[in-house]
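# Fold and geometry: a report
Here is how the chains run, residue by residue.
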Amino acid sequence: MAGKIKILEVGLRDGIQNENVHFTVSDRFYILKKLISAGLQHIEVGSFVSPKVMPSMGLTPSLMKKINRSLTISKNVELSALVPNERGFDMAFDHGLKSMAVMTSATESFSKKNINCSIEESLERIKLICKKARRFRVRIRGYLSMAFVCPYEGVVSVRKVLNIAEKMKSAGVKEIALSDTVGGATPLQVSSMIEKISKKIPLSHISLHCHNTRGMALPNILTALNAGVQSFDSSIGGLGGCPYAPGSAGNVATEDLVVLLQGMKQKNSIDLKKLTQISHWLKTKKKVCLSSYMSRY
Ligand code: MG
């Protein structure tokens, strides 16, 4: 294993979009500042979707305004947001973002439910966004949802995932997040997926996005890490779930992922104590029920 492992903090987007607790702009700003001060360098701050579709994300433009007004972001820190279409891209760009994420799904049923279009249509949208991104020098990563197990269609074949991942890559998506959206993947599935995908797509373009529904997030991450994956998504405290994926739990907790990486002698500059303080704040001030192991202490 060589190189530094990248952690993308998705608590402010994937996390809070599925919490019943309301997070004000000030709450989000506070969390963001604390995440940066804990040493996180890749942070997804929200999404530029219609508030009708995802009410909790309606505050993303206000959060960006506050960030632009009152925070100096160092060059080492990359903020990003999810954009569903070109309109979202334009809004995110106008708010100063140079890194964005798009989304598609490995199964038609989830695509229809989550983004209200077919996989093919979502790939068309991704192509348009990537075209614009090239022009404006914006980095695009892409979530490939339901890459392992779908609540509607069961176990998803590697062939299907690879086919869509290759289309995403040729559209210009720089990093493809294989997403275990419902947390149903197993280490065996992960190792087989990574092995087959790596024959077609360099692992430097792959990341793993795990939910911890059945406690398999860390074993799956360890498996992918040992197979050469160097980029992982996580959310502070293990916030989140998925509103269109019944029964799914939050993302793997950032502090638990950091403990795993430290245990694997993967160096990074993250301050674990500062991270757990954010989780403590979420528990005591926002009364959020957290799933992370480290937040128990
Ligand atoms: Mg997710």
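Think of each chain on its own: its residues are numbered from 1, step by step along the sequence as written. Only residues with pLDDT of 70 or above have their local features reported here, since the model is predicted, and side-chain atom pairs are shown and tallied only from 80 upward, although totals for entire chains, interfaces and linings are computed over all residues. Values reported for side chains reflect all heavy atoms of the structure, with hydrogen atoms and water molecules removed beforehand.

### Section: the environment of arginine 214
Heads up, the rule is: In this description a helix means any DSSP run of H or I spanning at least four residues, a strand means any run of E spanning at least two, and both kinds are numbered starting from the N terminus. For the exposure calls, accessible area comes from a 1.4 Å probe over protein chains only, and a residue counts as buried if that area is under 20% of its type's maximum, exposed if over 50%, partly exposed in between. Any two residues having at least one pair of non-hydrogen atoms within 4.5 Å are treated as being in contact. Between N or O atoms, a polar contact is any pair within 3.5 Å; within protein, one atom must be a potential hydrogen donor and the other a potential acceptor, and residues adjacent in sequence are included only when both atoms are from side chains.
Assignment of secondary structure puts arginine 214 in the loop between β9 (206-210) and α9 (217-226). Classification of arginine 214 by relative accessible area gives exposed; the value is 52%. With 31 residues separating them in the primary sequence, arginine 214 and glycine 183 have C-alpha atoms 6.4 Å apart. Among residues more than four places away in sequence, those in contact with arginine 214 are Gly183, Gly184, Ala185 and Thr186. Here glycine 184 takes part through its backbone oxygen, which lies 2.8 Å from a polar atom of the side chain of arginine 214.

### Structural notes on the coordination of the magnesium ion
Using the following cut-off: Donor criterion used throughout: N, O or S atom within 2.8 Å of the metal, extended to 3.2 Å for Na, K and Ca. Water excluded; incomplete-looking sites may result.
With distances of 2.0 to 2.3 Å, the protein atoms coordinating the magnesium ion are Asp14 (OD), His209 (NE2) and His211 (NE2). One chain supplies every donor for the magnesium ion, spaced along it as D-x194-H-x1-H. Here histidine 209 matches histidine 211 in class, with each residue buried.

### Thoughts on the sheet that holds strand β10 (residues 231-234)
In a beta sheet, neighbouring strands pair by backbone hydrogen bonds and run either parallel or antiparallel. Inclusion rule: Note: two strands are recorded as paired if DSSP finds a minimum of 2 bridges between them. As a rule, the C-alpha atoms of each element are fitted with a line to give its axis, helices using only the stretch in contact, and angles between N-to-C directions run from 0 to 180 degrees.
Strand order in this closed barrel of 8 strands is β1-β2-β3-β4-β5-β8-β9-β10, and the pairing throughout is parallel. When the angles between neighbouring strand axes are averaged without regard to direction, this sheet yields 25°. The pairing of strand β3 (residues 78-82) with strand β4 (residues 99-105) spans 2 bridges and is classified as parallel. Following the sheet pairing, leucine 82 is matched in β4 by alanine 101.

### What about the side chain of threonine 223?
Mapped onto the elements, threonine 223 comes out in helix α9. A polar atom in the side chain of threonine 223 sits 2.7 Å from the backbone oxygen of proline 219. Setting aside anything within four residues of it in sequence, one finds threonine 223 in contact with Pro187, Val190 and Ser191.

### With respect to the nonpolar core
Keep this limit in mind: Note on terminology: a nonpolar core comprises buried Ala, Val, Leu, Ile, Met, Phe, Trp, Tyr and Cys residues joined through side-chain atoms within 4.5 Å.
One finds Ile140 and Leu178 to be the most contacted residues of the largest nonpolar core, which totals 89 residues. Tallying contributions element by element places helix α7 (residues 158-171) first for this core, with 7 residues. With residues near it in sequence (within four places) discarded, isoleucine 140 still touches Phe89, Met100, Val102, Ile129, Cys130, Ala133, Gly172, Val173, Lys174 and Glu175. Residues Ala101, Met103, Ile115 and Tyr143 belong to the second largest nonpolar core, which totals 9 residues.

### Describing the pattern of salt bridges
Cut-off, in case you're wondering: Any carboxyl oxygen of Asp or Glu within 4 Å of a side-chain nitrogen of Lys or Arg constitutes a salt bridge here.
A full pass over the atoms with the stated rule returns 12 salt bridges. A salt bridge links aspartate 90 to lysine 132, with the nearest nitrogen and oxygen atoms 2.8 Å apart. Of this pair, aspartate 90 sits in helix α4 (residues 86-94) while lysine 132 sits in helix α6 (residues 119-136), and the two are 42 residues apart along the sequence. Using a relative accessible area of 15% as the deciding quantity, one classes lysine 132 as buried. Of the charged contacts in the structure, one is a salt bridge between arginine 141 and glutamate 175, with a shortest N-O distance of 2.8 Å. In this pair, arginine 141 sits in strand β5 (residues 139-145) while glutamate 175 sits in strand β8 (residues 175-180), placing the two residues 34 residues apart along the sequence. Of the two residues examined, arginine 141 and glutamate 175, each falls in the buried class.

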